[in-house]
Amino acid sequence: MRLANDRERETMVMVVVKQEKRLLEATAVGKSERLRRPTIRDVATVAGVSRATVSRVINGGHYVSGDKSAAVNEAIDRLRFSVNHTARNLATRRTGSVAFVISEAQEGLFEDPNFGVLITTCSMEVMRLEGHLVVMAAGEPSSQVHLANYLRAGHVDGALLAPTFRDEPLLDGLAGGDLPIVSFGRPFRYEKEVSWVSVDDHAAVRQIIAYLTSRGHRSIATITGPLNLSGGWWRLEGYREALGPRFRESLVAYGDWSYESGRVGARDLLERHPELDAIFVASDLMAGGAILELRRAGRRVPEDVAVAGFDDSKAAISTEPPLTTMRHPLAQLAREAVRMLFAMIDGQQDGPEHLMLPPELIIRGSA
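Small disclaimer: the values here were computed from a predicted structure and weren't measured. Every residue gets a number counted from 1 within its own chain, in the order that chain's sequence is written. Totals for whole chains, interfaces and linings use all residues, but because this is a predicted model, local features are given only for residues with pLDDT of at least 70 and pairs of side-chain atoms are given and counted only at 80 or more. Excluding hydrogens and water, the side-chain figures rest on all heavy atoms present in the structure.

Turning our eyes to something else, we now look at the sheet that holds strand β7 (residues 252-254). A pair of strands counts as paired when DSSP detects no fewer than two bridges linking them. Runs of E in the DSSP output that reach at least two residues are strands. Runs of H or I that reach at least four are helices, and both are numbered from the N terminus. Sheet architecture is open: six strands sit in the order β7-β6-β8-β9-β10-β12, paired in mixed fashion. In this open sheet, the two edge strands, each paired with only one partner strand, are β7 and β12 (360-362). Strand-to-strand twist across the sheet, computed as the mean angle between neighbouring axes with direction ignored, equals 20 degrees. Together, β6 (220-224), β7 and β9 (306-311) form the strand contacts of helix α12 (residues 230-243), whose direction differs from that of β6 by roughly 165 degrees. Running over the sheet, helix α14 (residues 284-296) touches β6, β8 (278-281), β9 and β10 (324-327) and is turned about 160 degrees from β9. The convention used is that axes are lines fitted to C-alpha atoms, helices contributing only their stretch in contact, and that angles between N-to-C directions extend from 0 to 180 degrees. By definition in these notes, contact holds between two residues if any of their heavy atoms fall within 4.5 Å.

This is how it looks when you write it as structure tokens:
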């Protein structure tokens, strides 16, 4: 009985196999054509263009006419073509990864809201271009040397550099090499050699000092960012130029972008200049600390002392009153930086590119 059942089962399996074989043969458009994965050559044939044109469309559509792009995309949909990333990376010797490098102490990294905007926007843009963003932090000089060696070894296709410090070894190890890099902020000593994106810090501060002056303020102090970063340096230079003959060193307090340094800076300025009636603070976060210290000293904002910041971050609307500030177009800078980097990776950009975006004054209740 069991033997009979085994024979019946074997017969049924043979019937199913034969049926599946006939079904495949009947529905195939050429046996091999039905089973193999569509290639760029197939897309080019259907679209009536060259393989190079298909490749350019897949990699962003640069230098391809609208008609040809439409034909290629229609062929891709028709053939259900998808890019074989592993094969492409092996052929092009690419990793598909881009590094976002932060040369900042860990405590500063988590306090500064700007990093979150930059990382989030860069990640979205890199993913849109079918890449992956890898965040790497190296605050100590020895770590930066090690990281520069790692990046140059071909583990990533390019690197986005968060604002770099004046004398750090990271740029020394990367500038002039084969790895495509783009810096946020004008990099000290490598301003001509390295691609970078930045807001016009210098013009921004001159604009906000002109605004404070137009409101009748005469004793205008400032709390700077770190002067070994381009943002801190150029904002101080803009303040110095805007004040002209009214500039005095005693009107300057030196901060480090942190909330606490804004509080301490405002306290020091009040001790030196009890008569001051306005403070330009080089970041919104520090401005929040400055407003707290002014309130503790019995000064009303803006009635007694006007306060203006820089960034237009979330910190600007969390102060009381809300902060008048210069808008720092971080998301736009991030998108432009990724565009620059991929142009370099794809070989479409030969020399360094520099982009400086205009500032925008946002007026709220603090000034």
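Still more ground to cover, so stick around.
The aromatic pairing rule takes the rings of Phe, Tyr and Trp, using the six-membered ring of Trp, and pairs them if the centres are within 6.5 Å, calling planes under 30 degrees apart stacked, those over 60 edge-to-face and the rest tilted. Here the structure, examined in full by the defined rule, presents two aromatic pairs. Residues Y239 and F247 carry aromatic rings whose centres are separated by 6.0 Å and whose planes lie at 75 degrees to one another, so their mutual orientation is edge-to-face. The buried category is assigned to Y239, whose relative accessible area is 0%. Since its relative accessible area comes to 17%, F247 is described here as buried. Burial here depends on accessible area, computed with a 1.4 Å probe over protein chains only, as a share of the maximum for the residue type. Under 20% is buried, over 50% is exposed, and the range in between is partly exposed.

Next up on the list: the confidence of the model for the chain. Of the residues in the chain, 83% have a pLDDT of 70 or more, and the chain-wide mean is 85. Across residues 15-20 the pLDDT falls below 50, and counting only partners more than four positions away or on other chains, this stretch makes zero contacts in the model. Confidence scores labelled pLDDT are given residue by residue by the predictor and lie between 0 and 100. Predicted confidence is poor over residues 86-92, with pLDDT under 50, and the contacts of this stretch with residues over four places away or in other chains come to seven contacts.

Here we take up the pattern of salt bridges. The term salt bridge refers to a pairing of a side-chain nitrogen on Lys or Arg with a carboxyl oxygen on Asp or Glu at a separation within 4 Å. By the definition in use, this model includes 16 salt bridges. Two residues, R339 and E353, come together in a salt bridge whose shortest N-O distance is 3.0 Å. In this pair, R339 is assigned in helix α15 (residues 330-345) and E353 in the loop between α15 and β11 (354-357), connecting sequence segments 14 residues apart. Bridged by salt links that share partners, the residues E260, R263, E293 and R296 form one connected network.

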